[in-house]
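Inside the fold
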Amino acid sequence: MSGAIPQSPRQIGTLKRREILGCGGSEIMNKQGYWFPIHRRELVRWVKGSGSASFLHSPLLHNILLNLLVALFYVVGIKLSDQLVSSLLPGRIAPVWFPSALTFGVFFHFGHWVTPGIILGSVLGLVSVLSTFDPPPSIAQFLVLETAFAVANTLQPFVGDFWLKNKLRSIAQKESVTIIKDSESIREPLAILNPFQRVSSTIAFVQGAVIGPFLSAVIGVTTLLLLGIVARENFFYSWITWWSNSVLAIIVFTPVLISIRFYRFRRHHLFNAKLVISIVSTFLVWFLSFYQSYPIAYLFLPLILFVVFHFGDFFASIFVSLFAFFAIFTTAQGQGVFNYHSGNNSVIFLQMFTAAISMTALFFSAIIQEKKIAQQSLSQAVKSLENEVQKRTDKLAAVNKSLELANVELNKLAHIDGLTHIPNRRYFEQQFAEEWQIFLQRGKSLTVMMVDVDHFKLYNDHYGHGQGDICLTEIAQILQSCIRQPGCDFVARYGGEEFALVLPEVDHSGAIAIAERIKIALQTRNIPHQGVDLTGSVTCSIGIAVAHAGFVSGKEALLKQADQALYGAKQAGRNQYFLFDHTDEGANAVHCSS
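In short, a report on the structure. (Residues numbered from 1 in each chain as written. Predicted model: local features only at pLDDT ≥ 70, side-chain atom pairs only at ≥ 80, totals over all residues. Heavy atoms only, no water.)

**Topic: the packing of helix H9 (residues 273-290) against helix H11 (residues 313-332)**
Packing of H9 against H11 leaves a shortest axis separation of 10 Å and a crossing angle of 20°. One way to sum up the angle between H9 and H11 is to call them roughly parallel. You can see that H9 and H11 cross each other, and the crossing is right-handed. Within the contact between the two elements, H9 uses Leu275, Ser278, Ile279, Thr282, Val285, Trp286 and Phe290 and H11 uses Phe315, Phe319, Phe323, Phe326, Ala327, Thr330 and Thr331. Across the contact of H9 with H11, the residue classes tally to 10 nonpolar, 4 polar and no charged. (Axes fitted to C-alpha atoms, helices over the stretch in contact; angles between N-to-C directions. Helix = DSSP H or I, 4+ residues; strand = E, 2+ residues; numbered from the N terminus. Parallel < 35°, antiparallel > 145°, perpendicular 65-115°, else oblique. Left-handed = near helix turned anticlockwise from the far one by under 90°. Contact = heavy atoms within 4.5 Å. Nonpolar A, V, L, I, M, F, W, Y, C, P; charged D, E, K, R; others polar.)

Put into structure tokens, the structure is as follows:
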């Protein structure tokens, strides 16, 4: 199920060209061009000097820059969250903790390789926060708090990311989706399914967003309790504040950081009228709700559903994040529909509103995408079934065609004489019956010739049966060359050295002309026959019978007349043809030269 991570930057091009299957068919590797994957063995080779890359192109520098950026944004997130606490809301309650959203997102993309950046950002960013404590913590307390908070802030995204990716891997195994995984890679796993395109993985994301902050809040608030900074009776209140602020940040803002990997930019989105209308409508709802205090904030819900339906989860997460950010900002200023006399109530209702909007968008998007995936799977299954049916149909057609060709070949073999390669007696009987029916319908003449090779037994005795077969084949070719055309007349081997010719619409004169042609052809071929005479050649005797209109006998009678004429030619000395004479019902000779 997993593939190998390239071991050096030279193999990165190959990695980027690999198409990794994800939800909706996105080519995730096209989104992976920000950093080279880092590998421990590659890093060790570079440190020892065996690597060919300079320091500016080294994996170590890339990793350092990545962690510095994470630390920088972490500090900015703390400052932004602390600014809302210190000057805008009463009771020192932060409505949202932005670093939680950042750490979950970067952990999803880069795995444990961003741990140094998270620790560095936590240590640097919390310096200003801890300095506002009254009374200020001692140096020992400061170090303990920094250590505990760094552990808590690192454990939070690790647990949430571990929970989510386990679910995604189980989905990948179930759906046979390729996942590249290497624990030594800066991206672990390097390619993964979009968690917001299935309901089950969206639930896993929410569970990870709840479980991770739960553990980090326990560690952080317990440390404050043990150091005497938080009173025992305020433990639960402090813990729920820490936990809820982190959960809200992850649910509202992290989807943007995760979905950006799977978004495929389309230029028409920038000039889409529906998108412009959605932006303007969202701005109006925010302005009227949080600056003019009109109770219409929940109109944002149908707007976000509209965005989800038309533009997908990425745009929906952007809309939710921006709307939630400005809603938090204006509420913190004491404006908007969630501004109550109690700062705690303001925060609670604001958190509930933004969380409800975000989760509605996430699950609605997951339901839509899951339906699309199901439709695509069904369409692919139907297409695959159609292709299989077409293959079976084509195969069946090919088999049928082969059978037809085989039948034709068998039929041909059944009607062709194996020695002379002309029609055999079976074919003669079938074709003669058909020609007889045509003769009866049209009433024209029909001629039958019986041709017998003279003294063929002596030929076989003298030359052998092999040469006798060659002689019969040559005579068959001569007979075929003497008929008018193969499509009209036909020659068949009647048996042994005897042949039969059927000549439709040929009268006495035409029959005699063909008989003369056969005699001349045999003389021209001059096949030696020394079994009778040292200077002799092969000759044939021919019996001819012609049926005209009014012929009262059947086809068997006509065939018998031709045979009688052949017998007469044999009796008269061979090498001649006899034409059956109907006047006296006998076989009388027609003049033939010997």
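More follows now that the structure is in view.
**Overview of the pattern of salt bridges**
Taken as a whole and assessed by the stated rule, the structure comprises 10 salt bridges. Close ionic contact of Arg493 with Asp417 constitutes a salt bridge, the shortest N to O distance being 3.3 Å. You can see Arg493 sitting in strand E2 (residues 490-495) and its partner Asp417 sitting in the loop between helix H12 (343-415) and helix H13 (425-442), a full 76 residues away along the chain. Of the two residues, Arg493 and Asp417, neither departs from the other in class, the shared state being buried. A salt bridge links Glu556 to Lys555; its shortest N-O distance comes to 3.2 Å. (Salt bridge = Lys/Arg side-chain N within 4 Å of Asp/Glu carboxyl O. Buried < 20%, exposed > 50% of the residue type's maximum accessible area, 1.4 Å probe, protein only.)

**A few points about the packing of aromatic side chains**
Taken as a whole and judged by the stated rule, the model has 30 aromatic pairs. For the pair Phe214 and Trp239, a centre-to-centre distance of 5.2 Å together with 85° between the ring planes defines the contact as edge-to-face. Placement of Phe214 in helix H7 (residues 199-226) and of Trp239 in helix H8 (residues 235-259) is noted, with a sequence separation of 25 residues between them. Residue classification places Trp239 among the buried residues on the basis of a relative accessible area of 11%. When the centroid spacing of 6.2 Å and the interplanar angle of 55° are considered together, the rings of Phe428 and Phe490 count as tilted. Taken together, the positions of Phe428 in helix H13 and Phe490 in strand E2 put the pair 62 residues apart, joining distant regions of the chain. Summarising the burial analysis for this pair, Phe428 and Phe490 share the class buried. What links up through ring pairs into an aromatic cluster is the set Phe98, Phe253, Phe283, Trp286, Phe287, Tyr291, Phe325 and Phe326. Across from the ring centre of Phe108, 5.4 Å away, lies the NZ or CZ of Lys165, which sits over that ring. (Phe/Tyr/Trp six-rings, centres within 6.5 Å; stacked < 30°, edge-to-face > 60°. Lys NZ or Arg CZ within 6 Å of the ring centre and 35° of its normal.)

**Considering the environment of Pro302**
With respect to the helices and strands, Pro302 occurs in helix H10 (residues 300-311). For the pair Pro302 and Ile357, spaced 55 residues apart in the sequence, the C-alpha separation amounts to 9.9 Å.

**As for helix H16 (residues 508-525)**
With 18 residues, H16 extends 26 Å from end C-alpha to end C-alpha; this agrees with the ideal 26 Å at 1.5 Å per step. Taken together, the buried positions of H16 are Ala511, Ile514, Ala515, Ile518, Lys519, Ala521 and Leu522. An end-on view of H16 places all buried positions within 165° of arc, on one side of the element. Opposite the buried face of H16, at more than 90 degrees from it, the exposed residues are Ser509 and Thr524. Elements in contact with the buried residues of H16: strand E1 (446-453), helix H15 (465-482), strand E3 (498-504), strand E4 (540-547) and strand E5 (577-579). Where H16 ends, the next residue or the one after it, Asn526, has phi of about 55°, a positive value. (Expected span 1.5 Å × (residues − 1). Arc of directions from axis to C-beta.)

**Observations concerning a nonpolar patch on the surface**
A contiguous nonpolar patch, built from Ile64, Leu65, Leu68, Ile119, Leu120, Val123 and Leu124 and spanning about 530 Å² of accessible area, is present on the exposed surface. Contributions of two or more residues to the nonpolar patch are made by helix H3 (59-87) and helix H5 (115-130). Considering each element in turn, the nonpolar patch owes the most residues, 4 residues, to H5. Tracing the backbone shows Leu68 in helix H3. (Patch = residues over 30% accessible without salt bridge, like charges linked within 9 Å, V, L, I, M, F, W, Y side chains within 5 Å. Areas by Shrake-Rupley, 256 points an atom, 1.4 Å probe, with all protein chains shown as cover.)

**With respect to empty space enclosed by the protein**
Taken as a whole and judged by the stated rule, the model has 4 cavities of 30 Å³ or more. Here the second largest cavity is characterised by a volume of approximately 60 Å³. In this structure, the second largest cavity is lined by Ile251, Val252, Pro255, Asp313, Ala316, Ser317, Val320, Ser358, Ala361, Leu362 and Ser365. The set of elements that each furnish at least two residues to the lining of the second largest cavity consists of H8, H11 and H12. For the lining of the second largest cavity, the class distribution of residues is 7 nonpolar, 3 polar and 1 charged. (1 Å grid on protein atoms, 1.4 Å probe; cavity = no way out; pocket = protein on both sides within 12 Å on 5 of 7 lines; lining within 4 Å. Points joined across faces, edges and corners; volume = space filled by probe spheres on them.)

**Quick word on the state of the cysteines**
Counting across every chain of the model gives 0 disulfides. Free of any disulfide, Cys471 has its nearest neighbouring cysteine sulfur in Cys540, separated by 7.9 Å. (Disulfide = S-S within 2.5 Å.)

**Description of unusual backbone geometry**
Located in the positive-phi region is Asn526, a residue other than glycine, with phi close to 55°. Within the fold, Asn526 resides in the loop between H16 and E4. On the basis of relative accessibility, which here comes to 45%, the residue Asn526 falls in the partly exposed class. The residue Arg574 is not glycine, and still its phi comes out positive at about 70°.

**Focus: the sheet that holds E5**
Within a sheet, neighbouring strands are paired by backbone hydrogen bonds and run either parallel or antiparallel to one another. Reading across the sheet, the 5 strands line up as E2-E3-E1-E4-E5 and stay open at both edges, with mixed pairing between neighbours. Two strands lie at the open edges of the sheet, namely E2 and E5, each paired on one side alone. Strand after strand, the sheet turns through a mean of 20° between neighbouring axes, direction not considered. Judged from the 5 bridges that link them, E2 and E3 form a sheet pairing that is antiparallel. (Pairing = 2+ DSSP bridges.)

**Remarks on H13**
For H13, built from 18 residues, the straight-helix expectation of 26 Å at 1.5 Å per residue is met to within 8% by its first-to-last C-alpha distance of 25 Å. Along H13, the residues that are buried comprise Phe428, Gln431, Phe432, Glu435, Trp436 and Phe439. The buried residues of H13 occupy an angular sector of 150° when the element is viewed end-on, so they sit on one face. Looking at the packing, one finds that the buried side of H13 touches E1, E2, E3, E4 and helix H17 (555-571). Its side-chain oxygen placed 3.3 Å from the backbone nitrogen of Arg426, Asn424 serves as the N-cap of H13. Immediately beyond the C-terminal end of H13, within one or two residues, lies Gly443, with a positive phi of roughly 75°. (Polar contact = N/O pair within 3.5 Å; in protein donor to acceptor, adjacent residues only side chain to side chain.)

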